[in-house]
Amino acid sequence: MAILRTPAQLCENGFVSSKKLPALQAVAARYAVALPHPLACLIDRNDPNDPIARQFIPNDGELDQTAGEIGDPIGDEQHSPVEGIVHRYPDRALLKLTHICAVYCRFCFRREMIGPDKPNALSPGALASALHYIRTHPEIWEVILTGGDPLVLSARRLRTVMKSLADIDHVKVVRIHTRVPIADPARITTDLVRSIKIKDKPTYVAIHVNHPRELTPEARAACARMADAGIPLLSQSVLLAGVNDTPEVLGDLMRALVESRIKPYYLHHGDLAPGTAHLRTDIATGQNLVRNLRGRWSGLCQPTYVLDIPGGHGKAPIGPSYIEHKGANGPAALLVVEDFRGQQHVYPPRQTR
Ligand code: SF4
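These numbers were taken from a predicted model, which means no experiment stands behind them. (Residues numbered from 1 in each chain as written. Predicted model: local features only at pLDDT ≥ 70, side-chain atom pairs only at ≥ 80, totals over all residues. Heavy atoms only, no water.)

Draft legend 1. Geometry of the sheet that holds strand β2 (residues 92-96). If you trace the nine strands from one edge of the open sheet to the other, you get β1-β2-β3-β4-β5-β6-β7-β8-β9, paired in mixed fashion. Of all the strands in the sheet, just β1 (85-89) and β9 (315-317) have a single pairing partner and so form its edges. Strand-to-strand twist across the sheet, computed as the mean angle between neighbouring axes with direction ignored, equals 30°. Pairing analysis gives three bridges linking strand β8 (residues 304-308) to β9, with the strands arranged antiparallel. Considered in β9, the bridge of Leu307 is made with Ala316. (Pairing = 2+ DSSP bridges. Helix = DSSP H or I, 4+ residues; strand = E, 2+ residues; numbered from the N terminus. Axes fitted to C-alpha atoms, helices over the stretch in contact; angles between N-to-C directions.)

Written out as structure tokens, the structure is:
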């Protein structure tokens, strides 16, 4: 099966009903659609609530923009000094090489900026300007390749970019954000793995995974090729209603990641991207799920639950608190600390001589 890119193709292959076609064509006119074969194979066409389908098959709910939803929910634009760069935090910058992805997630926070009808790569001139920006900002310690998905680019192009970054003394770490090992694991060839390594500087790869079923044997093998090459692997997951918002699924996901040598890194609260309300949970639900993870699973299985504050103000950890102040403020305050079973314990005030 080739990559399915239109509602008509999804209908021909039994993923959507013909009755929904007009609405889904309106969705596809606004937001990109692509369902690659490895993910199509995971979908149970007889399950109307299939968690893989919810992530990738367009839904007519995407036509409803609810209050608070905005085209650039994490405020990339206002922190973009030159094309292709987002410089939000002092010590790191995003380098957006492409607007193309291997699959288009229905909740994508950059859905207004990505897709095949957008300019699909930085021009050589724009890339030169972006690299010049990084070179002339010595506070940039880490560069994060994102997009779009940088691993849709050829190994040759990636090698050139990585070499340019390696030559910048103050850039000590390169991180790549990708969904390719899940959406198209065969792309993670030995040559591609070699292309993203830099001599004497670490490359970290953060893999976007939301459901344990996405970690197929092929996806795990693709991740293993990177881990075996010495590339540390992290995960990014988005908390999604009807996909991973139960303790069982979220726990299984975190365990499957650790078993695949991927350290759970971020659990993102869903961004306020337009037409995504049907996929967002509320924050209290997320906090309860994270508390449940803490209570049941190894410390290795604990991601940081984060919210990208709308308006470009960066990420804030929004997990539950396990500590409560009792009585007076200041050094005399009594602290009550909650353990993993939910039981509370007093921690004594600091004693001074
Ligand atoms: S892979 Fe990332 S950038 Fe691409 S559609 Fe999914 S969330 Fe958006």
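Draft legend 2. Focus on the nonpolar core. Of all hydrophobic cores here, the largest spans 82 residues; its most connected members are Leu35 and Leu95. With six residues, the top contributor of residues to this core is helix α5 (residues 124-135). If near-sequence neighbours (up to four positions away) are discounted, Leu35 is found in contact with Ala2, Ile3, Leu4, Leu10, Phe15, Ala40, Ile43, Phe56 and Ile57. In this structure, Ile100, Tyr104, Cys108 and Ile114 belong to the second largest nonpolar core, which totals seven residues. (Core = buried A, V, L, I, M, F, W, Y, C linked by side-chain atoms within 4.5 Å. Buried < 20%, exposed > 50% of the residue type's maximum accessible area, 1.4 Å probe, protein only. Contact = heavy atoms within 4.5 Å.)

Draft legend 3. Representation of the packing of helix α10 (residues 247-259) against helix α11 (residues 283-296) in the model. At a closest axis distance of 10 Å, the pairing of α10 and α11 adopts a crossing angle of 55°. Relative to α11, the element α10 is oriented oblique. The handedness of the crossing between α10 and α11 comes out as right-handed. Contacts from Pro247, Leu250, Gly251 and Met254 in α10 reach Leu289, Asn292, Leu293 and Arg296 in α11. (Parallel < 35°, antiparallel > 145°, perpendicular 65-115°, else oblique. Left-handed = near helix turned anticlockwise from the far one by under 90°.)

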